[in-house]
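Topology and contacts: notes
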Amino acid sequence: GLLAALTLPFLTGCATAPREQIIRAWHFEPGAAELPAGEFTRVTDRIDGAVANVAAAIRTKDGSSLLVQLPVQPALPVGSPTRLRFRCRLSGASKLTVQMFDLTVEDNRHIELPNLSADTWLSFDLDFTSDSKRNDGKHDVFAAGNRVDDVFFFVHEADSTAKLWVDDVVLYSPPPRNSQR
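Residues numbered from 1 in each chain as written. Predicted model: local features only at pLDDT ≥ 70, side-chain atom pairs only at ≥ 80, totals over all residues. Heavy atoms only, no water.

Take the overall build of the chain next. Check the secondary structure of the chain and you find two helices and twelve strands. Scanning the chain from its N terminus toward the C terminus, one meets helices and strands in the order α-β-β-β-β-β-β-β-β-β-α-β-β-β. Out of the 181 residues belonging to the chain, those deemed buried represent 50%. Within the chain, counting contacts between residues at least 6 apart in sequence, those at least 24 apart form 71% of the total. Summing over all exposed atoms, the chain offers an accessible surface of approximately 9,200 Å²; the carbon and sulfur share of this is 50%. (Helix = DSSP H or I, 4+ residues; strand = E, 2+ residues; numbered from the N terminus. Buried < 20%, exposed > 50% of the residue type's maximum accessible area, 1.4 Å probe, protein only. Contact = heavy atoms within 4.5 Å. Areas by Shrake-Rupley, 256 points an atom, 1.4 Å probe, with all protein chains shown as cover.)

Structure representation (C-alpha cells):
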C-alpha cells in the first residue's frame, strides 16, 4: 500500500514531497512492495550511471502514439497545489504530454512539454493546479479534493523509432509555503 511506497529509496531526501503529502508514488524496481499496474513495459536502463528498472511506453491501439498509463487505484483526492514529479527520457521525439484524469469533472488535465532534449534523462516537477489545461477547453481550477484515477505520459504522432521511458513518479501536494512544520 501507500505506507510501503513511502519507504522506497527514490523518495529518500525528497524535500519537496513530505511523507504526509504524497498522494501516490510509482516505483518500477523488482522487489518493490507493490509493483505498479498500468499500460507500459518494465525495462532496464541506465540513469546517472546506475542501472534501473523503468516504465517503457507502449504503442496506443491505433499505433500513432506512445503511452505510459499509471492507474491511481482507488481514485484519490488531490491537494492544493497538486504536483507531479518524475524523470523521463525521450528518443526520436521532442514533445511530451503529461496528463491525469480528473474523475470529479470527468475530463483529463494536461501539460505539454515541448522542445525536450533527446536521449537524456530529464527531471520534472509539474504544477497541475496552476499549469494544466482541461482537454475539453473549459477553464476552471484543479481544486483540492478533486479525485484522480490515472496519470498518463504521451508522445503523440510518434514515428516508428520514437521511445519513451519514465521513472520515479510521485503525485503529491506540498504544504503551503507559510505552514510551519
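There's plenty left to go through after this.
What follows concerns the sheet that holds strand S11 (residues 147-155). Taken in spatial order, the six strands of this open sheet run S4-S5-S11-S7-S8-S10, and their pairing is antiparallel. Each edge of the sheet is formed by a strand with only one pairing partner; in this case those strands are strand S4 (58-59) and strand S10 (133-134). Here strand S7 (residues 96-102) runs beside S11; their pairing, made up of six bridges, is antiparallel. Considered in S11, the bridge of methionine 100 is made with valine 151. (Pairing = 2+ DSSP bridges.)

Attention now moves to the packing of aromatic side chains. Taken as a whole and judged by the stated rule, the model has four aromatic pairs. With centroids separated by 5.3 Å and ring planes inclined at 80°, the aromatic side chains of phenylalanine 28 and phenylalanine 40 adopt a geometry described as edge-to-face. In this pair, phenylalanine 28 is assigned in the loop between strand S1 (22-26) and strand S2 (41-47) and phenylalanine 40 in the loop between S1 and S2, connecting sequence segments twelve residues apart. Members of the aromatic cluster, connected to one another through ring pairs, are Phe86, Phe124 and Phe153. Its end group placed over the ring of tryptophan 165, arginine 89 keeps NZ or CZ at 3.8 Å from the ring centre. (Phe/Tyr/Trp six-rings, centres within 6.5 Å; stacked < 30°, edge-to-face > 60°. Lys NZ or Arg CZ within 6 Å of the ring centre and 35° of its normal.)

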